[in-house]
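One-letter residues, chain by chain:
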Amino acid sequence: MSEYRHFVAYIYEYRDGKKAENAGHIRVDARDGVCRLRLQMQADRRAGGFARIYGFARRGDWLPCIAIGECTAPGGAYRLTVTTPVERFAGSDFQFREICGIYARTDQGKSYVSVWDDIPVEITSFVIHNGEEQEAQEHSLTETTKAENAQNEEVQKMETERKEETEQVKEGGIRCWQEFQHHYTGMTPFADEEIRECIQIAPKDLSFLGIAELPYGNNLFLQQAYAKYGHLLLGKYEDGRVVLGVPGMFRDMQDEHLARMFGFPQFKEGISGEEHFGYWYHFVGK
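Computed from a prediction, not measured in an experiment: that's the story for all the values here.

It is not clear to me how the overall build of the protein should be interpreted in this structure. Could you clarify?
When its secondary structure is counted, the protein shows four helices and 14 strands. For the protein, buried positions account for 45% of its 286 residues. In the protein, 61% of the contacts between residues at least 6 apart in sequence involve partners at least 24 apart. Taken as a whole, the protein presents about 15200 Å² of accessible surface, with 47% of it coming from carbon and sulfur.

Could you clarify how one ought to interpret the pairing of strand 2 (residues 18-31) in this entry?
Here strand 1 (residues 5-15) runs beside strand 2; their pairing, made up of ten bridges, is antiparallel. In the strand pairing of strand 2, R15 is matched with K18.

What is the right way to look at the environment of H276 in this model?
Along the chain, H276 falls in the loop between strand 13 (266-269) and strand 14 (277-283). Classification of H276 by relative accessible area gives partly exposed; the value is 32%. The spatial distance from the C-alpha of H276 to the C-alpha of F250 is 5.3 Å, given a sequence separation of 26 residues.

Is there a simple way to think about the environment of I199 in this case?
Here I199 shows up in strand 10 (residues 195-201). The class of I199 is buried, set by a relative accessible area of 3%. Between the C-alpha atoms of I199 and K236, which are 37 residues apart in sequence, the distance is 9.8 Å. Those residues in contact with I199 that sit more than four places away from it in its chain are F180, Q181, Y184, T185, G186, M187, L232, L233 and L234.

So, how was this worked out
Residues numbered from 1 in each chain as written. Predicted model: local features only at pLDDT ≥ 70, side-chain atom pairs only at ≥ 80, totals over all residues. Heavy atoms only, no water. Helix = DSSP H or I, 4+ residues; strand = E, 2+ residues; numbered from the N terminus. Buried < 20%, exposed > 50% of the residue type's maximum accessible area, 1.4 Å probe, protein only. Contact = heavy atoms within 4.5 Å. Areas by Shrake-Rupley, 256 points an atom, 1.4 Å probe, with all protein chains shown as cover. Pairing = 2+ DSSP bridges.

Structure, rendered in structure tokens:
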């Protein structure tokens, strides 16, 4: 029987490295090989910008973090829903059962933490690996034990693997492409071969497409299209790049402006017979 867990954990703001007042909560539901996270967290109404959300594990004194998404704060609250496989949490080599909590950091410099195993954390122990940045407390060689060196090597190995996955996506490849084609419904939505090998996927599948696609699971434009049409499109462009498509209409410049605003600047008309219908798309990993 697959692992089943369901709980609600509180999120606290950390100031100067110390736990302060409650700022929100996160609901966690893991079953049938899939983990669903629903986060809601207060934000300073005067501050704009966004928050990056990470799940963290424990490796000795290190707290390696795995990026799971970004969210803005309309109405003064950050909200994020993420679906990820339990065996490869957010596309990483970590399993869900290794995740001990979440770490959130805003572009205003504020830090928020939810701890699930009741073991205190030090903000300076977080090591963030999201393909763009790394933050860690400096340790001198004389103070670093062999065990810590081994843990550091393991974290660095994880970073290298994640970078390789990111580069693979940039080059137009997805490691699980054959599995996608085997398990998902194929479709021929276009009259030509510009975009080919198309299949129907769902928002929950975005976690398999690389870190760059994770925020789109919380994309209002994508969510509304999926609710209306019941599918998203994944296909290969004629030059081999992977395309993520959102079904919709192109009637005027207002439709184009809305799609661009949410990250889907290209449109290709379909052959469904419905006037103006097609797919807004972008290239995966871009």
